[in-house]
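What follows is the residue order along each chain.
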Protein chains: 2
Amino acid sequence: MKKLLDDPAQAVTDSLRGFGLAHADQISVHTEPNFVTRAGGTPAGQVAVISGGGSGHEPLHAGFVGAGMLDAAVPGEVFTSPTPDQVLAAVQAADAGAGVLLIVKNYTGDVLNFETAAELAEAEGIEVASVLVNDDVAVEDSLYTAGRRGVAGTLVVEKVAGAAAARGASLAEVAALAERVVAGVRSMGVALTACTVPHVGRPSFDLADDEVEIGIGIHGEPGRQRVQAAGASDITRRLVDSVLDDIDLAAGARVLLFVNGMGGTPASELYVVYGVARQMLADQGVEVVRSLVGSYVTSLEMQGVSVTVAVLDDELLELWDAPVRTPALTW
Amino acid sequence: MKKLLDDPAQAVTDSLRGFGLAHADQISVHTEPNFVTRAGGTPAGQVAVISGGGSGHEPLHAGFVGAGMLDAAVPGEVFTSPTPDQVLAAVQAADAGAGVLLIVKNYTGDVLNFETAAELAEAEGIEVASVLVNDDVAVEDSLYTAGRRGVAGTLVVEKVAGAAAARGASLAEVAALAERVVAGVRSMGVALTACTVPHVGRPSFDLADDEVEIGIGIHGEPGRQRVQAAGASDITRRLVDSVLDDIDLAAGARVLLFVNGMGGTPASELYVVYGVARQMLADQGVEVVRSLVGSYVTSLEMQGVSVTVAVLDDELLELWDAPVRTPALTW
């Protein structure tokens, strides 16, 4: 294993320390337990939007803490849910009197630990709502999940919820908007190579030199099938077909097309995939009104890509377009 | 070779097509020959700032085309200089009557081809100035270079020159500011793995499972030495020591610290390197006033990192901070 780390057991903390120093103008890193908040905190009277999950998916979630998106993020150990006390500490720090929305990717550990933290926070008088993201169409029930996994679509939920909170929406309104994104967002990914969890020290799975795994999860969990590696067009068609099979898009539907790198894939390849996916949507009469291309929801150094399609009605489009200033997403 | 590409010979064009579709609000992609301009073109009467070079380093350069940075970028084939006619076409398209600054990384092919294009443009009455970037302290003379190579520091030159042009500076002024950045910027990189050029189909070099190459170039050109892979602290110290040995930084000097991923390295590792480098600079009494961490000047899917230190005086700091809106860099 060759990685730019010192003690693998300290990888998350060492990385967070550097992240905090590099972006001190935007975020504050807290340790014991680990969580990240907006520099200056949640504006008074504003709903706090919080997400978290295992580390190894950077910039998700801590890279999206800042004005117009998340008020706090809770990174667990690599590919491991944050503990309830971590989540609770973030909730306590970020609550600004208007309640807290927890955005949770659908993994069993995350669901349990965020639920426990929510109960503890409520017992302290903090109002909490939760939304579960389960955009991955690849598989029902998986290595770490009952039901569908939450993957790159989480970014869209976080952006919309954060924008709604910033314009002064109530907790119920922010939660309803987040649920509306969840209802209309679907993703599917592919892996070309495996990744290596630092404290494990060997690749999470084996993939032959001529194979790719279609429907991979963001922890390298098994997908739908292994197939012979083919070109970008063939692979992209498998992903987009699966996404479109799962969502009822009327001709003329307006969507965000988000092509997400898994960490080790160059930007140039993501744009090739984007071009193919864009053409496929055009062929279906679906209008791509917004685009995002980059490595935002990753699996360490895994090579691969996911394609996310999210329906944007007028209100969601306006919230997507609203200003955002975070370490990893700014407009 | 597993890559998300179709025909390797068409990789650059396919990628550019997707890039153009994804960012049509900010840039325009031109083909035959390939170049990229700002959507809407260079504002009338403003100096046009242009850069280019071999593809495979994305988002450099095309990802930095937009308001406040580049007016055009010229991507060659992968790791191959753009041709003079490509550069000339970009100059003709981007010139808005105030002349053109060409920012050229110091590789023999780039130097020759940009020079030829500059002569052709001048023969047509377009005023052209050029600045050569040679920030890599690793080696003098290399596989593709006489003198030092130009690497990640190029981003800093492009940002400052673009900001100067946007505030109405003359061609001579923009060129002088770019030269001032070049005088105070130094970089050095390391590779953990090789990358594979699509039309070649095999890794550019071999590196043992327990080796890293210190002082690597952004095309995988040989560096200073191969050493046993060690932790992030050991590797970062080698890079930062080499950079600091080469530049005369007074205690109290104010710098940008830019930790750049080579393409296949996760963000979490870049922040570990950042933390170590930051501490080393603090120990020398050097003040890090700005930071940039991310994969901006890459070598396809190579795993590795480079560390860039750039001196920022008051004027350069103001230009660095000036608004920028491009596909890959926005604030």
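Computed from a predicted structure; not experimentally measured.

Residues and elements named next belong to chain A. Within the open sheet, the 6 strands sit side by side as β9-β8-β7-β12-β10-β11. Their pairing is mixed. Taken across any chain shown, the strands that pair with only one partner, and hence form the sheet edges, are β9 (225–228) and β11 (287–294). For this sheet the average axis-to-axis angle between neighbouring strands, irrespective of direction, equals 20 degrees. Pairing of strand β8 (residues 211–214) with β9 involves 4 bridges; the strand directions are antiparallel. Among the inter-strand pairings, Glu211 is bridged to a residue of β9, identified as Gln228. Running at roughly 155 degrees to strand β10 (residues 254–261), helix α7 (residues 267–283) makes contact with β10, β11 and β12 (304–311) of the sheet.

How large an interface is tends to be reported as the accessible area lost when its parts come together. Residue and element names in this part refer to chain A. Annotation of chain A at the domain level lists domain 1 (8–183) and domain 2 (185–320). Using C-alpha coordinates to define each centre, domain 1 is positioned 22 Å away from domain 2. Tallying the contact residues gives 37 residues for domain 1 and 39 residues for domain 2. Between domain 1 and domain 2, the buried area comes to about 3,300 Å², and carbon and sulfur atoms account for 64% of it.

Glancing now at the interface of chain A and chain B. Between chain A and chain B, the residue contacts involve 50 residues of the former and 50 residues of the latter. With both sides pooled, the region where chain A packs onto chain B buries about 3,900 Å², and carbon together with sulfur makes up 62% of that total. Considering only the side of chain A, the residues that lose the most area to chain B are Lys2, Leu4 and Tyr271 of chain A, jointly responsible for 23% of the buried surface there. Run the count over chain A and chain B and you get 2 salt bridges. Glu269 of chain B is paired through a salt bridge with Lys3 of chain A; the nearest N and O atoms lie 3.8 Å apart. Applying the counting criterion to the chain A and chain B interface returns 20 residue pairs in polar contact (both at pLDDT 80 or more). Put simply, the parts of the chain that give the side of chain A that touches chain B at least two residues each are α1 (11–22), β8, α6 (232–246), α7, β11 and β12 of chain A. When residues of the side of chain A that touches chain B are assigned to their parent elements, the largest contribution, 10 residues, is made by α7 of chain A. In terms of residue class, the side of chain A that touches chain B is built from 25 nonpolar, 14 polar and 11 charged.

Further remarks concern the sheet that holds strand β1 (residues 27–30) of chain A. Residues and elements named next belong to chain A. Read from one edge of the open sheet, 6 strands run β1-β2-β4-β3-β5-β6, paired in mixed fashion. In the strand order of this sheet, the two ends are held by β1 and β6 (128–133), each with one partner. Taking the axes of each pair of neighbouring strands and ignoring which way they run, one obtains an average angle of 20 degrees across the sheet. Bridging between strand β3 (residues 48–55) and strand β5 (residues 100–105) involves 4 bridges; their strand directions are parallel. Counterpart to Val49 in the pairing with β5 is Leu101. Together, β2 (35–38), β3, β4 (72–78) and β5 form the strand contacts of helix α2 (residues 84–94), whose direction differs from that of β4 by roughly 165 degrees. Sitting on the sheet, helix α4 (residues 153–166) touches β3, β5 and β6, and the angle it makes with β5 is about 175 degrees.

Turning our eyes to something else, we now look at the pattern of salt bridges. In this structure the tally under the stated criterion is 34 salt bridges over all chains. For the salt bridge of Glu211 of chain B with Arg226 of chain B, the shortest nitrogen-to-oxygen distance reads 3.8 Å. Of this pair, Glu211 of chain B sits in strand β8 (residues 211–214) while Arg226 of chain B sits in strand β9 (residues 225–228); the two residues are 15 residues apart in sequence, bridging distant segments of the chain. Taken together, the salt bridges that share partners define one network made up of Arg167, Arg180, Asp313, Glu315 and Glu318 of chain A.

On to the relation of the copies chain A and chain B, then. Here chain A sits on chain B after a turn of 180 degrees about the axis and a move of 0.0 Å along it, with an RMSD of 0.0 Å. On the angle and the small slide along the axis, the relation comes out as a two-fold axis. The rotation axis passes nearest to the C-alpha of Gly264 of chain A in chain A, at a distance of 2.0 Å. Most of the interface of chain A is mirrored in chain B, where 100% of its interface residues are also at the interface.

On to the packing of helix α4 (residues 153–166) of chain B against helix α5 (residues 171–183) of chain B, then. Residue and element names in this part refer to chain B. The N-to-C vectors of α4 and α5 enclose an angle of 155 degrees; their axes lie 9 Å apart at closest approach. With respect to each other, α4 and α5 are oriented roughly antiparallel. The two elements α4 and α5 meet at a crossing, and its hand is right-handed. Each of Val156, Val157, Val160, Ala161, Ala164 and Ala165 in α4 lies in contact with α5, whose residues at this interface are Val174, Leu177, Ala178, Val181 and Val182. Considered class by class, the residues forming the contact of α4 with α5 number 11 nonpolar, no polar and no charged.

Calculation rules
- Residues numbered from 1 in each chain as written.
- Chains lettered and ligands numbered in written order.
- Predicted model: local features only at pLDDT ≥ 70, side-chain atom pairs only at ≥ 80, totals over all residues.
- Heavy atoms only, no water.
- Pairing = 2+ DSSP bridges.
- Helix = DSSP H or I, 4+ residues; strand = E, 2+ residues; numbered from the N terminus.
- Axes fitted to C-alpha atoms, helices over the stretch in contact; angles between N-to-C directions.
- Contact = heavy atoms within 4.5 Å.
- Domains from an automatic or database assignment.
- Buried area = accessible area lost by both parts, 1.4 Å probe.
- Salt bridge = Lys/Arg side-chain N within 4 Å of Asp/Glu carboxyl O.
- Polar contact = N/O pair within 3.5 Å; in protein donor to acceptor, adjacent residues only side chain to side chain.
- Nonpolar A, V, L, I, M, F, W, Y, C, P; charged D, E, K, R; others polar.
- Least-squares fit on C-alpha atoms with pLDDT ≥ 70 in both.
- Parallel < 35°, antiparallel > 145°, perpendicular 65-115°, else oblique.
- Left-handed = near helix turned anticlockwise from the far one by under 90°.

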